[in-house]
Amino acid sequence: MLTLRERQINAIKQMLNLNSQQPKALAAEPVWKILIYDRVGQDIISPVISIKELRELGVTLHVQLHSDRDSIPDVPAIYFCLPTDENLDRIQQDFSNGLYDIYHLNFLAPITRTKIENLAAAALHAGCVANIHRMYDQYVNFISLEDDFFVLKHQQSDQLSYYAINRANTRDEEMVALMDSIVDSLFALFVTLGNVPIIRCPRNSAAEMVARKLEKKLRENLWDARANLFHMDATQAGGGVFSFQRPVLLLLDRNVDLATPLHHTWSYQALVHDVLDLGLNLVYVEDEASGGARKKPKACDLDRNDRFWMTHKGSPFPTVAEAIQEELESYRNSEEEIKRLKTSMGMEGESDIAFSLVNDTTTRLTNAVNSLPQLMEKKRLIDMHTKIATAILNYIKARRLDSYFEIEEKVMSKQTLDKPLLELLRDPEFGQPEDKLRLYIIYYICAQQLPESEVERLKEALQAAGCDLTALAYVQRWKALMNRSPGISQATQYEGGGTKTVSMFTKLVSQGSSFVMEGVKNLVVKRHNLPVTKITEQVMECRSNAETDDYLYLDPKLLKGGDVLPKNRAPFQDAVVFMVGGGNYIEYQNLVDFIKQKQTSNVQRRIIYGASTLTNARQFLKELSALGGEIQSPATTS
């Protein structure tokens, strides 16, 4: 069964093959072509298709739509962009300049009739109607980062951010445009999956606005006999990604849980995102400076072809460090083996024994030489992960991230702290101001009732540590609202797993950046479900529960559907969990761990996690500060 990512790759490859089926024989010479994309198109292609794969598909040149381009005759030009006015103006400019002889126009979102007519008029005026071979709506307007993880925007993602959705002076038309943008991408996602979902979401939230609009869009498409995009539904051959059962789309609002996006983390992928700004599966790591000169940051590609990354991205950091050490030793053993074989080849004497030994060694050496390319690739990946892990280790040491993780897990699981929080916040050696603020906000959110005097003392300590307290005004208002809506406040009860120190892992931290991991046991994180995972479990199991029973239940396949949950509903095997207002790798990893536990030999269950944007704690804190700033000095509505 194809994953979401594979289906998107197939759709893009078909487009690059001039929208005809890919030839079965790979030996067939590809048609050479050029690819012209806008920034959105670039973001969609770059995590799923490498430059090498583009070459194999016959793309000799890939350029930005809004760059200066020279005329290239006789070669098909594939356009891959959104049908915005700005992009269409540029395409019309290309028509009138006669840049290419063959145009294949592929739009990421459906193009309106008026815009097609304007484009046709421009082509007629430029006299290049015959040069436009094909025009397609490609329903791939989302970014696949993993087989089961997607986001809607990378560049200019602040248009769909938590701040954009929650700010005070958003005009109605801006909010409608923002919601339409999310709905169009989710619609494209389900066209790619080939399934019509059942939609669940909390009432009176941004998620409800998205749900209502998406249901309307799906229903209109299903009942339009000519334009129905779901005729290959799961009931027919070659059906959707999911099994014969329909998936549930669980739309959630970021307001359900503000603590997790600020949480310090201990798993590899989430740490890379938190401290090194992982973006589109690419991370830039600065080389160690030599001779005082700062080297240019080196790009590290963390894709699915990297076996080590796929195995360990969800592992706790000390486990990753040990695994890198093991990989390095296994590589050194292979290298030693080759060196040994080389020296044993210089044997003297022509005796039969020597001759047979040489034959045996030759065979082994041949095998070793044949495995050299894999060995070289292994060495490259080990070096890359050593570099990334060393950079993370330096941050852990400098900012005491291990202690923050441990304390936050205790706060979330309502355990008593070894030291009072005030003492920790006053300690000048204890992390950066940003880390202290993140810890305080999590403490404030998780505590049931805090005395005003304690809040003031903690705020003073934060101010003395150099923290910007603007975000607190918004968090205070948010908490007051949550306490008034019991359905939501129950969902945000953190159970927190807590941690168990097998051997105090500051040993690992004190080892410095040399990867000497002997005697270091990792900090075992107890399995626990975050609020998002708990809600997902209740919705998938169709359990009766005070908070999820009230969620909307929308079925686009019903002509006159209500929005109340039917009485006896079978549990869902498959779910798409979508976070309106920004997601993170911590929630994604928690859902991955949860669904692994639920697999049985008979039942394959799947969860796809998606978000309007992907934010790390620093970016999310910035958004909270911007919202807090609006409360402190209300902006006039324009």
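Up top you'll find the structure we're talking about.
Given the structure is predicted, the values throughout are model-derived calculations rather than measurements.

### A few points about helix H5 (residues 113–126)
For H5, with 14 residues, the first-to-last C-alpha span of 20 Å sits near the 20 Å given by 1.5 Å per residue. Inspection of H5 places Leu 119, Ala 122 and Ala 123 among the buried residues, and these make up the whole buried set. The arc that holds the buried residues of H5, viewed along the axis, is 100 degrees, so those residues lie on one side. Away from its buried face, by an angle of more than 90 degrees, H5 presents the exposed residues Arg 113, Thr 114, Leu 124 and His 125. Where H5 is buried, its residues meet helix H4 (85–97), strand E4 (100–107) and strand E5 (132–137). Taken from the residues just after H5, Gly 127 is the one with a positive phi, measuring 70 degrees.

### Topic: the packing of helix H21 (residues 531–541) against helix H23 (residues 585–598)
Where H21 meets H23, the axes come as close as 9 Å, and the angle between the chain directions of the two elements is 40 degrees. When the interaxial angle is binned, H21 and H23 end up oblique. H21 and H23 meet at a crossing whose hand is right-handed. Touching Val 532, Thr 533, Thr 536, Glu 537, Met 540 and Glu 541 of H21 are Glu 587, Asn 590, Leu 591, Phe 594, Ile 595 and Lys 598, all from H23. A breakdown of the residues in the contact of H21 with H23 according to their chemical character gives five nonpolar, three polar and four charged.

### Notes on the pattern of salt bridges
As enumerated under the stated definition, the model contains 31 salt bridges in all. A salt bridge links Lys 313 to Glu 146; its shortest N-O distance comes to 2.4 Å. Linking Lys 313 in the loop between helix H10 (307–312) and helix H11 (317–344) with Glu 146 in strand E6 (residues 143–146), this pair joins segments that are 167 residues apart in sequence. The salt bridge partner of Asp 435 is Arg 438, with a shortest N-O separation of 3.9 Å. Pair noted here: Asp 435 and Arg 438 are both in helix H16 (residues 433–446), with a separation of three residues, about one helical turn. On the accessibility criterion, Asp 435 (0% relative accessible area) is buried. For Arg 438, a relative accessible area of 0% translates into the label buried.

### Description of the packing of helix H9 (residues 268–276) against H23
The N-to-C vectors of H9 and H23 enclose an angle of 170 degrees; their axes lie 9 Å apart at closest approach. The angle between H9 and H23 falls in the class roughly antiparallel. Residues Gln 269, Ala 270 and His 273 of H9 form the contact with H23, whose own contacting residues are Tyr 585, Ile 586, Tyr 588 and Gln 589.

### Side note on the nonpolar core
In a soluble, globular protein the nonpolar side chains are often hidden away together inside. One finds Leu 16, Leu 35, Val 272, Ile 388 and Ile 392 to be the most contacted residues of the largest nonpolar core, which totals 82 residues. Counting residues per element, this core draws most heavily on helix H13 (residues 372–399), at eight residues. When residues no more than four places from it in sequence are discounted, the contact partners of Leu 35 are Met 15, Leu 16, Ile 45, Leu 54, Val 59, Leu 61, His 62, Val 63, Ile 78 and Phe 80.

### Section: the pairing of strand E15 (residues 574–580)
The side chains of a regular strand alternate, residue by residue, between the two faces of the sheet. The buried fraction of E15 amounts to seven of the seven residues, a majority that puts the element mostly inside the structure. Going residue by residue along E15, you find Asp 574, Val 576, Phe 578 and Val 580 tucked away on one face and Ala 575, Val 577 and Met 579 tucked away on the opposite face as well. Pairing of strand E9 (residues 248–253) with E15 involves six bridges; the strand directions are parallel. For Leu 251, the partnering residue across the bridge sits in E15 and is Phe 578. For the crossover that starts at E15, traverses H23 and ends in the parallel strand E16 (residues 606–611), the hand is right-handed.

### A look at the sheet that holds E15
On the basis of which strands lie adjacent, the open sheet formed by seven strands has the order E6-E7-E16-E15-E9-E8-E14 and mixed pairing. At either margin of the open sheet sits one strand with a lone partner, and together these are E6 and strand E14 (552–554). Taking the axes of each pair of neighbouring strands and ignoring which way they run, one obtains an average angle of 20 degrees across the sheet. As paired strands, strand E7 (residues 149–151) and E16 are joined by three bridges and run parallel to one another.

### A word on the environment of Val 320
With respect to the secondary-structure elements, Val 320 resides in helix H11. On the accessibility criterion, Val 320 (0% relative accessible area) is buried. Through-space distance from the C-alpha of Val 320 to that of His 385 is 9.1 Å; in sequence the pair is 65 residues apart. Other than its neighbours up to four places away in sequence, Val 320 contacts Tyr 268, Phe 308, His 312 and Ser 315.

### Topic: the packing of aromatic side chains
Counting across every chain of the model gives 19 aromatic pairs. Both rings, one in Tyr 162 and one in Tyr 474, keep their centres 6.1 Å apart while their planes meet at 80 degrees; by these two values the pair is edge-to-face. Here Tyr 162 is found in helix H6 (residues 162–166), whereas its partner Tyr 474 is found in helix H18 (residues 470–484), with 312 residues between them in sequence. Look at Tyr 162 and you get buried, because its relative accessible area is 1%. Judged by its relative accessible area of 9%, Tyr 474 is buried. Between Tyr 162 and Phe 620, the aromatic rings sit 5.3 Å apart at their centres with planes inclined by 55 degrees, giving tilted as the arrangement. Placement of the pair is Tyr 162 in helix H6 and Phe 620 in helix H24 (residues 617–632), with a sequence separation of 458 residues.

### Examining the environment of Lys 479
Positionally, Lys 479 belongs in helix H18. Each C-alpha atom of the pair Lys 479 and Leu 258 lies 9.7 Å from the other, and the pair is 221 residues apart in sequence. When residues no more than four places from it in sequence are discounted, the contact partners of Lys 479 are Tyr 444, Ile 445, Ala 447 and Gln 448.

### Examining H13
End to end, H13 covers 40 Å across 28 residues, agreeing with the expected 40 Å (1.5 Å per residue, within 8%). Positioned one or two residues after H13, Arg 400 has a phi angle of 55 degrees, which is positive.

### Description of the sheet that holds strand E1 (residues 33–37)
A sheet is described by the order of its strands in space; here five strands give the open sequence E2-E1-E3-E4-E5, paired in parallel fashion. Of all strands in the sheet, those with a lone pairing partner are strand E2 (59–64) and E5, marking the two edges. Each neighbouring strand pair of the sheet contributes to a mean axis angle of 20 degrees, computed without reference to strand direction. As paired strands, E1 and strand E3 (residues 72–81) are joined by four bridges and run parallel to one another. Within E3, the position partnered with Ile 34 by the bridge is Ala 77. Along the sheet, H4 makes contact with E3, E4 and E5, crossing E4 at roughly 165 degrees.

Basis of the calculations
- Residues numbered from 1 in each chain as written.
- Predicted model: local features only at pLDDT ≥ 70, side-chain atom pairs only at ≥ 80, totals over all residues.
- Heavy atoms only, no water.
- Helix = DSSP H or I, 4+ residues; strand = E, 2+ residues; numbered from the N terminus.
- Expected span 1.5 Å × (residues − 1).
- Buried < 20%, exposed > 50% of the residue type's maximum accessible area, 1.4 Å probe, protein only.
- Arc of directions from axis to C-beta.
- Contact = heavy atoms within 4.5 Å.
- Axes fitted to C-alpha atoms, helices over the stretch in contact; angles between N-to-C directions.
- Parallel < 35°, antiparallel > 145°, perpendicular 65-115°, else oblique.
- Left-handed = near helix turned anticlockwise from the far one by under 90°.
- Nonpolar A, V, L, I, M, F, W, Y, C, P; charged D, E, K, R; others polar.
- Salt bridge = Lys/Arg side-chain N within 4 Å of Asp/Glu carboxyl O.
- Core = buried A, V, L, I, M, F, W, Y, C linked by side-chain atoms within 4.5 Å.
- Pairing = 2+ DSSP bridges.
- Right-handed = clockwise from strand over helix to strand, strands pointing away.
- Phe/Tyr/Trp six-rings, centres within 6.5 Å; stacked < 30°, edge-to-face > 60°.

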